[in-house]
Amino acid sequence: MPMMTVNEVSKLTGVSIRTLQYYDKIGLLKPSGHTESGYRLYDDTALEKLQQILLFRELEFPLKEIKEIVSRPDFDKNKALEQQITLLTMKKEHLEDLIGFAREIQAKGVTRMDFSVFDTHKIEEYAKQAKEQWGKTAAYREYEQKAAGRSKEETQVVMEKFMQIFADFGKLKDTAPESATVQNHVKKLQDYITEHFYQCSDDILFSLGQMYASGGEFTDNIDRVGGEGTANFTAEAIRIHCGK
């Protein structure tokens, strides 16, 4: 299937062009490419990811959480879909109960003070459990184990040294990102993450790089210590390192 323009995707999915542009801006759904004029293009892989995003949105997940879930290298699409189906079925049954309750009031008037039909506790509990499962990746569990063994002071030192790596990236911004100097610094970042947080494969590193440059808190913090543009420079150096 040929790639689709942002206008075609909007017509196909019902998602506004402005929303698709916003998803690109925050790094939630990047286009697969661009036309010579700079217009966004989307392939089947991007459309599949958009379907996942829309399902999570239908379940009222915040965009920040959706981004964290679908961007993980070990994201299990089949497992997520199974859980989404369960949640949507629970919501359907809840709506059917509400409709039945409303029709009873319409037909008979208020005959009983029953508020159980409005209870969404089971849905919320299942959604909470699902989020916890998505959050407990192998990398996250490793991070928790390492973090648990450090004192507050040790954690502060680890984070200060971590941010210093980005400050050093800022000093290298005038150097070509593919240069040996910059690529050695990318390896330093990868090794530091592996040593102090979790095993940082090239796939995980690449996902982190995308997150660093996606805007928001990560980008702001990196640019704060390294100067404006450091996050994007770091992401590009990581992309080259990972051969993407």
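Above this note sits the structure.
To keep things clear, this report deals only with the structure shown in the data block.

Examining helix H9 (residues 180-196)
Relative to the 24 Å expected for 17 residues at 1.5 Å per residue, H9 spans 24 Å between its end C-alpha atoms, a close match to the ideal helical length. Along H9, the positions that sit buried rather than exposed are Val182, Gln183, His185, Val186, Leu189, Gln190, Tyr192, Ile193 and His196.

Here we look at the pattern of salt bridges
Under the counting rule described, the total for this entry stands at six salt bridges. Here Glu96 makes a salt bridge to Lys92, at a shortest N to O gap of 3.0 Å. Highlighted residues: Glu96 and Lys92, both in helix H5 (residues 77-108), separated by four residues, approximately one helical turn. Of the residues examined, Glu96 reaches a relative accessible area of 43% and is grouped as partly exposed. A salt bridge links Glu236 to Arg239, with the nearest nitrogen and oxygen atoms 2.7 Å apart. Residue Glu236 and its partner Arg239 are both found in helix H12 (residues 230-241); the two are separated by three residues, about one turn of the helix.

Quick look at the sheet that holds strand S2 (residues 33-34)
With antiparallel pairing, the three strands of this open sheet are ordered in space as S1-S3-S2. Looking at strand neighbours, the two that pair on one side only are strand S1 (4-5) and S2, the edges of this open sheet. With two bridges joining them, S2 and strand S3 (residues 40-42) adopt antiparallel strand pairing. Of the residues in S3, the one forming a bridge with His34 is Arg40.

Analysis parameters
Residues numbered from 1 in each chain as written. Predicted model: local features only at pLDDT ≥ 70, side-chain atom pairs only at ≥ 80, totals over all residues. Heavy atoms only, no water. Helix = DSSP H or I, 4+ residues; strand = E, 2+ residues; numbered from the N terminus. Expected span 1.5 Å × (residues − 1). Buried < 20%, exposed > 50% of the residue type's maximum accessible area, 1.4 Å probe, protein only. Salt bridge = Lys/Arg side-chain N within 4 Å of Asp/Glu carboxyl O. Pairing = 2+ DSSP bridges.

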